[in-house]
Amino acid sequence: QLTNAGLFLWPSGDQYAYNDPPYVHDRPAMLKMANNGLSKYGAAQSLVLHPETANWWVTKWNAGVEPSSLPEYVTEGVRLWVRHVLSGMKENDATKDRILLVMPRVQDAALILRIADMMGQQFLTVVPVGLALDRLPENLKAEAAGDGTDAMLIRAVAEAGCIYSQETGKQFDTADLIAGSWPFGNLEEAEVKKITASAHLAVEEGKSMMNAVAWAEHLDIEMPEGGAVSKFGSAKGRSLRFETWGDEFEIELATEINNILPIGAMEGEFLGNSPLFEYDQGNWGKPVWKGTTENPSDLMIRRVRNTMPAGERYSPQPVEAEYCHMWFIFEYALNSHPQGHWTAQRMDSYWSGSTFIAAKEVMLMQKYRADHNFNYFPLFWFIAEEIAQVPYVPEVSGTKVFEKDGGILSQPYFQGFASGILTLATGGRCFVGDEPKKSDVLQWQKWHARRTGYELAWNLVTMRTRAPYFEVKPTSDDTDSLALAKGHPGTGKGSVTVRFLEAPWSTVMISIVIEDHSMSDAVVIIPDTIIIFPENYTDVVNVYVITSGNAPSGTQVSVTFSTSSADNAVDGVSDTWNFLTHDETIPPTETSSNLPSSVPSDSRLPSLFPSSLSSLHIPTQEPSKEVTFFPSRDLSNEPTRVPSGVPSSYPSSTPSSVPSNMPSSTPSNVPSSAPSNIPSSAPSNLPSLKPSRSPSESPSDSKDLCSDDKNFLFDGKSMNCTAYVKKKTVKKGCKKWDRLGRLVKNHCPKSCDYCGNKKRCKDEQKFKVKVNLKKEKKIKCKKIPKHSLCNFLYKGKIVGESCRDSCKFCQG
């Protein structure tokens, strides 16, 4: 067969192997094998990834902590393999779409399907071994659940049978065996046939599913949405007060935390370090706290290791929860080898690896000391990922992992470690910065390590495959803890700069709002909406948070920047900064003139307070060559006398507040901020993102449920219901969602034979919308109309398409 023997096992399962590397799971060797192929079979092979989510030591040692409680580590392990395997393949390599992801047990189905959904079906295929085992006859199913040789053999045959069916499209037949050979031990031929039959049926069932989400819905399981151990904190100020407990390693880490905080427009206040062996009030191995109940620190950073010295297995006392907002834990690296291979090999090892620490130490602390707000960033995993991307080869590439004995990291690795910690502590902020030239080796390596730390933190929390690289930074250099609300549109850098450090895969809308509605008139925000296209993601947008004069000087105003996009990696991301008002009001004037200016301004930005009369000058016949980010805050009472005859070649970054007299030749990517009160005489073929304030002049006939929507065009292009369903077949085409967020069978009930289906006008019972990322509040369909979300795009799909009853979908 074309399948090779590469397996990803989590964790390694051998407690002694890491003492004599490279052990059986030699990642560099296996990656090379996966990329180059085995000489016996050639290069056209599939790579099998077997994420082993259960292990004997987890069950034995972890006091009720289930291995499935760590989904982020399985996800990150698979992502690491997929990324490196694909990066090593040539452009036309046959193995590009032949990565097979095994579902070991039916209990793993939700996690494995989530991974497949996040990675993309073009990169990997799910091998449903767990489903095959679950559907065996009861006697074989019970035997497969045991620990003996026959149990392992049944599981192995099920996996081999699934892979065989996946690769060949047919069920394995024992008649194909070489004469005289029987590789199935004590299993009878009839038993082998039952196992491989179950395997084949499970594979065929999976092939009939449109995607991983559809498969999960078919199995009636809910896929996990995030990790369990690492989480986003709430340190959202301009400064970070932190302390450490350790020795030279922790002091060096504190230095690099202070060094990179300014990259994210923050500053550090290191309160000091508690020595490991400090004697305090008659007790050894207890921290000497710098934070107090009245003035707690933001972070206490300390190591965790399963060996002495004292203090490293410290169990915090209840009162100590008041001394800091977050306990931040990491596993301590003992190895000092410059290449760091020994440490990387231990990242998933028994007893002292990242996954063991996450389960054995951190999860138990979170369980029994929930009030202490424990957080965790896996140092071994970070080191393994960084050296996998930029291996240290003296005089050739990378930098040393360890600078000196005692496990002291080099500066780039300390900065990458600090970046991951800060990203978690600040709720996802970015401390990566601009990429320097590669010729400056040290600076580039520090940047790359910060990038790896940031990405790993996001992946562990969200279980996504990419980080958003969303950066919001106040421009004020004031040393106080808050940004100053000041500035004037069109001058200087504004109050805040907004940008993406890496290109999103789809258009992003950024909404800027004041958290507390009672403060909404304390400042003026211009613009309050930004549109970022993948093509212009490098543009830095200046946002002005301006004192209005309506609140006393020194009033604190919290401003939140939230994203919405069809790109899952950047959708639903937010950051919040606090601003202080001051004595000045908006320059240059507070009122508008009643007369038009006789000499037009040379500024390319609109007036903050436009004239109430139309311009005396004839507008230009040529489109503007540059895009403005600042819409007029008031409308002119008279329209432009001579509209431009040439369309703009650059779309505005903010939606138009008034409709054009001429129809657009192409659909807008952005919803109107002020929808018309009058129905359109020429209705659009595309769905509205906001409900109309007036009823339709030509309402649809809600009684006629068996008519295809004559205005429906798949993706807004040329194929109507009949043409599209005919091309794709009813079974496949009707389950598709188009790029505008519409489900085909909802709009093509006649072509899809969906008219009499009882679910046609009902809500999807498990459908939920996350309305506030910070509080992770989710609402079901019944509450959707209350929040006016029926026409909102959520994860690339229109909400009303799933909440059909609540949003009165069938009533037009």
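Residues numbered from 1 in each chain as written. Predicted model: local features only at pLDDT ≥ 70, side-chain atom pairs only at ≥ 80, totals over all residues. Heavy atoms only, no water.

Peer 1: I tried to follow the side chain of Arg464 on my own but got confused; where do I start?
Peer 2: Position of Arg464 among the secondary structure elements: in the loop between helix 15 (441-462) and strand 13 (470-474). At 3.0 Å, the side chain of Arg464 and the backbone oxygen of Asn568 are in polar contact. Aside from chain neighbours lying at most four places away, what touches Arg464 is Arg79, Arg114, Met118, Asn459, Asn568, Ala569, Val570, Asp571 and Val573. (Helix = DSSP H or I, 4+ residues; strand = E, 2+ residues; numbered from the N terminus. Polar contact = N/O pair within 3.5 Å; in protein donor to acceptor, adjacent residues only side chain to side chain. Contact = heavy atoms within 4.5 Å.)

Peer 1: Is there a simple way to explain the state of the cysteines in this structure?
Peer 2: A covalent bond between the sulfur atoms of two cysteines is what we call a disulfide. Considering all chains together, one arrives at six disulfides under this definition. Paired by a disulfide, Cys706 and Cys755 hold their sulfur atoms 2.2 Å apart. The sign of the S-S torsion, about 80 degrees, decides the handedness of the disulfide formed by Cys706 and Cys755: right-handed. Here Cys755 lies in the loop between helix 18 (744-747) and strand 22 (768-772) and Cys706 lies in the loop between strand 21 (574-580) and helix 16 (721-728), a separation of 49 residues in the sequence. (Disulfide = S-S within 2.5 Å.)

Peer 1: Whenever I open this one, the packing of aromatic side chains confuses me. Can you help?
Peer 2: Between two aromatic rings, the relevant description is the distance of the centres plus the angle of the planes. Taken as a whole, this structure holds 21 aromatic pairs when the rule is applied. On the numbers, 6.2 Å between centres and 80 degrees between planes, the contact of Phe172 with Phe184 is edge-to-face. Here Phe184 lies in the loop between helix 7 (149-168) and helix 8 (189-207) and Phe172 lies in the loop between helix 7 and helix 8, a separation of 12 residues in the sequence. One exposure class covers both Phe172 and Phe184, and it is buried. A ring pair is formed by Phe330 and Phe417, whose centres lie 5.2 Å apart and whose planes are at 75 degrees; its orientation type is edge-to-face. Of the two residues, Phe330 sits in strand 9 (residues 327-331) while Phe417 sits in helix 14 (residues 411-425), which places them 87 residues apart along the sequence. A residue is classified by how much of its surface remains accessible, and Phe417, at 0% relative accessible area, is buried. An aromatic cluster of three or more residues is present, and its members are Phe249, Phe330, Tyr332, Phe377, Phe382, Tyr413, Phe414 and Phe417. A cation over an aromatic ring shows up here: Arg466 above the ring of Trp505, its NZ or CZ 3.6 Å from the ring centre. (Phe/Tyr/Trp six-rings, centres within 6.5 Å; stacked < 30°, edge-to-face > 60°. Buried < 20%, exposed > 50% of the residue type's maximum accessible area, 1.4 Å probe, protein only. Lys NZ or Arg CZ within 6 Å of the ring centre and 35° of its normal.)

Peer 1: Can you help me understand the packing of helix 8 against helix 9 (residues 212-219) in this one?
Peer 2: Geometrically, a packed helix pair is captured by the angle between its two axes and the distance between the axes. At a minimum axis separation of 10 Å, helix 8 and helix 9 run at an interaxial angle of 120 degrees. Looking at the two axes, helix 8 sits oblique to helix 9. Residues Ala202, Glu205 and Gly206 of helix 8 pack against Trp215, His218 and Leu219 of helix 9. A class-by-class count of the residues in the contact of helix 8 with helix 9 yields three nonpolar, two polar and one charged. (Axes fitted to C-alpha atoms, helices over the stretch in contact; angles between N-to-C directions. Parallel < 35°, antiparallel > 145°, perpendicular 65-115°, else oblique. Nonpolar A, V, L, I, M, F, W, Y, C, P; charged D, E, K, R; others polar.)

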